Amino acid sequence: MQTAKNVFLTREKTLARKFQEAILTWVLEQNMAKEEILELYLNVIEFGPALYGIRTASRFFFDKEPALLEPIEAAYLASVLPSPARHYRNFERGQLSDAWANWVRRIVRIMHDRGRLSDEDFARSETAVVVFRGANAPVPAAIPPAAPDSAGPAESPADATPASAAPPPQER
């Protein structure tokens, strides 16, 4: 439903829009594989102020292509959803709060527990910290403004955290 809402609909909250969202979701699910829907979703969602798509976010925060992200960096990007503007202050500060760093490590642990991360990558990630490209560093020139990008299938935020997981910590 998030993909249909983000790609095709406005933010208005009406019964008619909810009905449209349900129909569009059904059409997407009938015509696209789950991996294709996930790719589309990751290429249109907001990761920060005017940062749309996983490729743009990856380049902006870490100055890397998504395929080159370390697990801790990928987990950070997953952690900012669904409130990316609120969590943008981590980048502005240049580091994660202790509580947020623990939340990101928990996502990495869940990725490992679900078989999405090798033992070797998990061991390396246990001591890794999120290092941003630098708040004062120039924005990489290759970032297209709000243009769809293709990073290939990626880990779904829903796959990264189980429904039974505690909510992320509130930042101050």
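Report on the accompanying structure. Residue positions within a chain follow its written sequence, with the count starting from 1. pLDDT decides what is reported in this predicted model: residues at 70 or higher carry local features, side-chain atom pairs at 80 or more are listed and counted, and totals for whole chains, interfaces and linings draw on all residues regardless. Each side-chain value is worked out from all heavy atoms of the structure, with water and hydrogens disregarded.

## Thoughts on helix 4 (residues 54–62)
Put simply, the rule reads: The cut-offs for exposure are 20% and 50% of the maximum accessible area for each residue type, with area from a 1.4 Å probe on protein chains only; residues under the lower value are buried, those over the upper are exposed, and the others partly exposed. We count a stretch as a helix when DSSP gives it H or I for four or more residues in a row; a strand needs E for two or more, and each element gets its number in order from the N terminus. The contact definition used throughout considers only heavy atoms, calling two residues in contact when any of these lie within 4.5 Å.
Along helix 4, eight of the nine residues are buried, which leaves the element largely enclosed by surrounding structure. Of all the residues in helix 4, the buried ones are Ile54, Thr56, Ala57, Ser58, Arg59, Phe60, Phe61 and Phe62. Those residues of helix 4 that are buried lie in contact with helix 3 (34–42), strand 1 (46–48), strand 2 (51–52), helix 5 (71–79) and helix 6 (84–93).

## Here's the deal with the pattern of salt bridges
The condition is simple: Any Lys or Arg side-chain nitrogen located within 4 Å of an Asp or Glu carboxyl oxygen qualifies as a salt bridge.
Evaluated as defined, the whole model comprises six salt bridges. We note a salt bridge from arginine 59 to glutamate 65, for which the minimum N-O separation is 2.8 Å. Under the relative-accessibility criterion, glutamate 65 is labelled partly exposed at 29%. Put simply, arginine 124 and glutamate 70 hold a salt bridge, and the shortest N to O gap is 3.6 Å. Remark: glutamate 70 occurs in the loop between helix 4 and helix 5 and arginine 124 occurs in helix 8 (residues 119–126); sequence separation between them is 54 residues. Connected through salt bridges with shared partners, the residues Glu70, Glu120, Asp121 and Arg124 form a single ionic network.

## So, unusual backbone geometry
Between leucine 81 and proline 82 the backbone carries a cis peptide bond, its omega angle lying at 10°. Along the chain, the position of proline 82 falls in the loop between helix 5 and helix 6. Positive phi outside glycine occurs at alanine 50, with the angle close to 60°. Mapped onto the elements of the fold, alanine 50 is located in the loop between strand 1 and strand 2. Unlike most non-glycine residues, aspartate 63 shows phi in positive territory, near 55°. By the element assignment, aspartate 63 lies in the loop between helix 4 and helix 5. Take aspartate 63: its relative accessible area is 52%, and that puts it in the exposed class.

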